[in-house]
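# Analysis of the macromolecular model
Here are the chains, one letter per residue:
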Amino acid sequence: MLITLAVLIALFFVFAGVWTDLLWYRSLGDGFSKVFTTQLKTKLLLFFSGGLLMALAVGANMVIAYRLRPAYRPVSVEQQGLERYRAGVDPHRRTVLFTLLGAIGLFSGLSAAGQVGTWLAFMNRTPFGEKDAQFGMDVSFFVFVYPFLRLILGFVFVMVVLSILTAVAVHYLYGGLRLQGPGDKASSSARAHLSVLVGLFVLLKAIAYWFDRWGLAYSERGRVTGPGYTDVNAVLPAKTILAAIALICAVLFFVNIWRRGMMLPGVGFGLLVLSAVLLGGLYPLLIQQFQVKPNELAKETPYIERNIKATRNAFGVSGLDGQNYTPTKQPGSKEVEEYSKTLPNVRLLDPALLSPTFRQQQQLQGFYDFANPLDIDRYPDKDGNKQDTLVAVRELTGPPSTASGWVNEHLTYTHGYGFVSAKGNEVDPESKGPVYQSYGMPQDCSDKLEDGSCRLKIDKPQVYFGEQSPRYSIVGNQKELDYPPAQETVYTGIGGVKMDSFVNRMAYALKFQDRNILLSGQINEKSRILYDRSPRERVQKAAPWLTVDSNAYPVVAGGRVVWVVDAYTTSSGYPYSERVNLQDLTRDSNTERPSVGTQRRDDINYIRNSVKATVDAYDGTVTLYAWDEKDPVLKTWSKAFPGTVKSKAELKTVMEGAIQSHIRYPEDMFKVQRGVLSKYHVTDAAGFYSGQDYWEVPVDPTEKDITEPPYYLTIQMPSKDGKSRPEAPNFALTSTYVARNGNNLTGYLSANSNPESPDFGQLRLLQVPREVPIWGPTQMQNAFKGNEQAAPILNRPQGSTTQVVYGNLLTLPFADGFMYVQPVYQQAASGAQYPVLGWVLVSFGDQIGFATTFEDALKQILKPGTDVPEQDSGSPDTGQKPPTTTSPSIQQAVNDVKQAFTEAQNALKSGDLKKYADAQDKLEAAINKLVELQNQAGQQPQQPTSTPTPGD
């Protein structure tokens, strides 16, 4: 009775899990329930077919072994001992048999059910239209068919091995096999039965050897992935010969059914083992040691070329050719004029640092928060010109500690509120903080139309589906807190699952282990339960065949807040392509922050940004749009789950195209490509073999021992021919390269991220000649910190009331060179810590500028008389430029800071701690006085800059 009750309870828990998953998929609409039902049906098919086939095969061989038991068994001590076991087993042999087969079938079925992806990909495979370089077969064979064949082969291997083991056990138990006693140790029936099984095993080995030939497409024996010289000239023929020998050996085992003795099969099996050692191991080793290694470059060149071509194609960089770019040290007025359109758009606000500032100024209540880091998008200014913009939504973290309890946690505090955006290139002249475009509760804006409405209209500012949403909320019947003070709302969306039946409530009570879902009187047929609310989580669950980007970002489209999520199709089966670890290549200083996810540790050698997904922040609707409609992997999954992915044309029309205007080049895709290009920018086999031109992505100079993230910036790339005027400014995703085991800048990679540009998605790679020593990010950060003008101000003494925080170090092409721009923030050392912009560091060539505004810092590094485009400071337009002369009081304050800094350093060197402490106090007072005077004057003095020599 207790066992039956336990089984019923377990089955009800299983039912609750399956039922709630089905309801969740149904709530997405647009045929997503097919994703669940297709997977469920396929799992059940594989489970029952795999388990039943394994159980039948093993059971049949156990029955055959039992029926072939000898009628007479010679008397021996061994048989007397086994007789006791036979007497104990025989009365219950059916029970033992079905119990054993049930266990084998269960585990085999579970193992088979876990291969849903392999099965569906094989059944819906789509040709690539590309041939592999060695076998001349379509790439789809290696991506979809080969993994399936290996799966079947492995399953049958296990089946035969289990059959052999169980058959041997039964034959031994019933006397067909003997270890003691006179005469043959195996009956003729047992010998014939086991000969067939061993013959099947050897036959499978022959098939495996033949499959191994195709598996050489992923060989790691040579310098690169794919079959190298030894694989093609030694391993490949060896596998063919071994397959033939194994086939002959299998035939000998089958012939042994009619022969007495094991001599022929034994000789054949010994020959197979010897051949495997000599042909499969020793022969390739000799070829590698005595033919390849002495002349490796000549032998491996054609195979390295195959790998380079396949890898660049598989990672979507095949059409990218590096452009030689020799930077200059000092631009002329003509070059500055040509690049002048970019300068007013240089982003001064660091999204990785400004989350606390958004929280301090726009949190408004302690139970709201913002993403860390913030996201970068583009929105028009008052003149309709697109500009880099910091964006975030005000997310709910939960009720305040004084209002805890189940009702408040799940029925009252249910959602975040509002979209907050700030100009990326402007700061408020008074607060030195962001200039907000959208802000506040209720939702408000700074850019309004004549009728008083916001240019960026948001009809539904409520955020029920976000990156920090509660685990689950129940909405639709009772009033919820909309925004304080005392503003309430009732959810009217279509998101979530209806709680309109006792079964649903019971199922969710079990799912969330919360009896209040079943008992609460505030839940009725109007109520909906919202869960799995993170945009990334929803897209990943809705489309499990996709790999979702680590960072979703919010956009305003059609008056609603919508999350945009990039998604990828990946594979590890592209022949000849180098495999990389997805998590390693996408990890950087941003992924250490709470709002950015981490990729799985998957090894891949193919990736496409095939899908752009959207998640409505109000009702949770998930929509998938085909972005790369030519991708055969996407076509394969679209056939497996029809109706789940909309066409690219539909994305262009949705919400009047408002979403498409916010499409960006995806970050994780870019990170993977820049990682691949650190080696595969070298397309010459000899250069690739030597490895001397390999690069690496620099570490983040503001974070130690972790990769620098790519940055979204508005930049002007040089003309492709290097002679014409530079290209028009475009929003781009950018990153730098430095020499491997070095620090000098060697390359600059950008991806056009402006969806309105005909070149959207185009990669550009600028290659710096090795003989040109250009500082990399780490060297430039050190130069900034050691600059004689900046160091006395930025190197605060211990115990200062304010701290200096360095923002992202941006690199952008400028006037036939590279310009570095770094905002520097200050924040309180304790209490309410949030950074505000204090200074800007700028470098070009061997010049460094340091000022409170980008414009003033830029003037310090350009030739006298060069016109500098103004950077909008957010202050009213007076028709006059800010003064650039230095007042006597500011100059005196600067001298006081330098003198105090020098005194402190001298005291420290002499070991006089009392003088050092006094000098530190004097230095802090001088810095505070200088900051006060600068804020009053609104400008930074121009002084000669240091000009250190570039080097590692």
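Below you will find a few notes about this structure. (Residues numbered from 1 in each chain as written. Predicted model: local features only at pLDDT ≥ 70, side-chain atom pairs only at ≥ 80, totals over all residues. Heavy atoms only, no water.)

Turning our attention to the overall build of the protein chain. Within the protein chain, the regular secondary structure consists of 26 helices and 33 strands. Taking the principal axes of its C-alpha atoms as reference, the protein chain extends roughly 120 × 80 × 65 Å. A buried classification covers 55% of the 952 residues belonging to the protein chain. Contacts in the protein chain between residues far apart in sequence, at least 24 positions, make up 69% of those at least 6 positions apart. For the protein chain, the distance from the average position of its 92 positive side-chain charges to the average position of its 91 negative side-chain charges is 12 Å. (Helix = DSSP H or I, 4+ residues; strand = E, 2+ residues; numbered from the N terminus. Buried < 20%, exposed > 50% of the residue type's maximum accessible area, 1.4 Å probe, protein only. Contact = heavy atoms within 4.5 Å. Lys, Arg positive; Asp, Glu negative; His and termini not counted. Charge placed at Lys NZ, Arg CZ, Asp CG, Glu CD.)

Before going further, it helps to examine the pattern of salt bridges. What the rule picks out here adds up to 24 salt bridges. Residue E592 pairs with R587 through a salt bridge whose shortest N-O separation is 3.2 Å. Classification of E592 by relative accessible area gives partly exposed; the value is 48%. The partly exposed category is assigned to R587, whose relative accessible area is 41%. Between E667 and R664 there is a salt bridge; the shortest N-O distance is 3.6 Å. In terms of burial, E667 and R664 fall into one category: buried. (Salt bridge = Lys/Arg side-chain N within 4 Å of Asp/Glu carboxyl O.)

So, on to the sheet that holds strand β7 (residues 419-427). Across the sheet, which stays open at both edges, the five strands sit in the order β3-β4-β7-β8-β9 with antiparallel pairing between neighbours. In this open sheet, the two strands that pair with only one neighbour each are β3 (375-380) and β9 (444-445). Across five bridges, the pairing between strand β4 (residues 386-393) and β7 is antiparallel. Along β7, the bridge assignment pairs T389 with K423. Contacting β4, β7 and β8 (434-439), helix α12 (residues 355-362) runs over the sheet at an angle of about 60° to β8. (Pairing = 2+ DSSP bridges. Axes fitted to C-alpha atoms, helices over the stretch in contact; angles between N-to-C directions.)

We now examine a positive patch on the surface. A grouping of R125, K630, K635 and K639 is seen on the molecular surface, where their side chains present a positively charged patch. Here K630 is to be found in the loop between β22 (622-626) and α18 (632-640). Judged by relative accessible area, K630 falls into the exposed class, the value being 73%. (Patch = residues over 30% accessible without salt bridge, like charges linked within 9 Å, V, L, I, M, F, W, Y side chains within 5 Å. Areas by Shrake-Rupley, 256 points an atom, 1.4 Å probe, with all protein chains shown as cover.)

As for its placement among the helices and strands, D388 is situated in strand β4. One buried charged residue, D388, remains without a salt bridge, the closest side chain of opposite sign being R347 at 4.8 Å. Side-chain polar atoms of D388 contact the side chain of T714, separated by 2.6 Å. With near-sequence residues (within four places) excluded, D388 lies in contact with N345, R347, D377, R378, K423, G424, N425, Y712, L713, T714 and F731. (Polar contact = N/O pair within 3.5 Å; in protein donor to acceptor, adjacent residues only side chain to side chain.)

With that settled, the discussion passes to the packing of aromatic side chains. This structure, assessed with the given rule, holds 45 aromatic pairs. Look at Y508 and Y531: their rings are 5.3 Å apart centre to centre, the planes differ by 65°, and that puts the pair in the edge-to-face class. Of this pair, Y508 sits in helix α14 (residues 502-511) while Y531 sits in strand β15 (residues 528-531), and the two are 23 residues apart along the sequence. Judged on exposure class, the residue Y508 and its partner Y531 are both buried. The side chain of K648 reaches across the aromatic face of W627, ending 4.3 Å from its centre. (Phe/Tyr/Trp six-rings, centres within 6.5 Å; stacked < 30°, edge-to-face > 60°. Lys NZ or Arg CZ within 6 Å of the ring centre and 35° of its normal.)

For the structure on display, the rule yields one disulfide. Two residues share a disulfide in this structure: C445 and C454, whose sulfurs sit 2.1 Å from each other. Here the disulfide of C445 and C454 is left-handed, its torsion about the S-S bond being about -105°. (Disulfide = S-S within 2.5 Å.)

At a minimum axis separation of 9 Å, helix α9 (residues 263-292) and helix α10 (residues 296-314) run at an interaxial angle of 115°. Contact residues: α9 offers Q288, Q291 and V292, while α10 offers E296, K299 and E300. Within the contact of α9 with α10, the residues separate by chemical class into one nonpolar, two polar and three charged. (Nonpolar A, V, L, I, M, F, W, Y, C, P; charged D, E, K, R; others polar.)

The sheet built from three strands is open, its strands ordered β11-β15-β14 with antiparallel pairing. The open sheet has two edge strands, β11 (472-475) and β14 (497-498), and neither has a second partner. Two strands pair when backbone bridges link them, and β14 and β15 are joined in this way by two bridges, in the antiparallel orientation. Bridge pairing in β15 places K498 opposite R528.

With that out of the way, let us pick up the nonpolar core. With 184 residues, the main nonpolar core has I517, I529, L794, M819 and F854 as its most contacted residues. The greatest single-element share of this core, amounting to seven residues, is contributed by strand β18 (residues 560-571). Look past the residues within four positions of I517 in its chain and what remains in contact with it is W406, Y472, I474, M499, R505, Y508, A509, F512, I523 and I529. Formed by 22 residues, the second largest nonpolar core is a distinct cluster that contains F157, V160, A167 and L194. (Core = buried A, V, L, I, M, F, W, Y, C linked by side-chain atoms within 4.5 Å.)

As a further point, take unusual backbone geometry. Keep in mind that most residues, glycine aside, have a negative phi and that most peptide bonds are trans. In this chain, M441 is followed by P442 through a cis amide linkage whose omega measures 0°. Residue placement: P442 occurs in the loop between β8 and β9. Residue P485 is bonded to the preceding P484 through a cis peptide linkage, with omega at 0°. Along the chain, P485 falls in the loop between β12 (480-483) and β13 (487-489). With a phi angle near 75°, Y576 is a residue other than glycine that sits in the positive phi range.

Attention now moves to the environment of Q692. Here Q692 lies in the loop between α21 (685-690) and β24 (695-696). If we skip the residues at most four places from it in the chain, Q692 touches G687 and R770.

With that out of the way, let us pick up the packing of helix α2 (residues 33-67) against helix α6 (residues 139-173). Close contact between α2 and α6 brings their axes to 8 Å; oriented N to C, the two are set at 30°. In terms of orientation, α2 and α6 fall into the roughly parallel class. The handedness of the crossing between α2 and α6 is right-handed. Counting all contacts with α2, which are made through G50, L53, M54, A57, V58, N61, M62, A65 and Y66, the residues of α6 involved are F155, V158, M159, L162, S163, T166, A167, V170 and H171. (Parallel < 35°, antiparallel > 145°, perpendicular 65-115°, else oblique. Left-handed = near helix turned anticlockwise from the far one by under 90°.)

With that settled, the discussion passes to a nonpolar patch on the surface. Together, F269, V273, L274, V277, L278, L282, L285, L286 and F290 make up a nonpolar patch on the protein surface, roughly 820 Å² of accessible area in all. The topology assignment puts V277 in helix α9.

The subject of this paragraph is the pairing of β11. Residues Y472 and I474 of β11 are buried on one face, and the alternating residues S473 and V475, pointing to the opposite face, are buried as well. Here β11 runs beside β15; their pairing, made up of four bridges, is antiparallel. Of the residues in β15, the one forming a bridge with Y472 is Y531.

A few words now on α12. Because each turn of an α-helix spans 3.6 residues, side chains separated by three or four positions in sequence point in the same direction. The complete set of buried residues in α12 reads S355, T357, F358 and Q362. Buried residues of α12 fall within an arc of 160° about the axis and therefore sit on the same side. Those residues of α12 that are buried lie in contact with β4, β7 and β8. Immediately beyond the C-terminal end of α12, within one or two residues, lies L364, with a positive phi of roughly 70°. (Arc of directions from axis to C-beta.)

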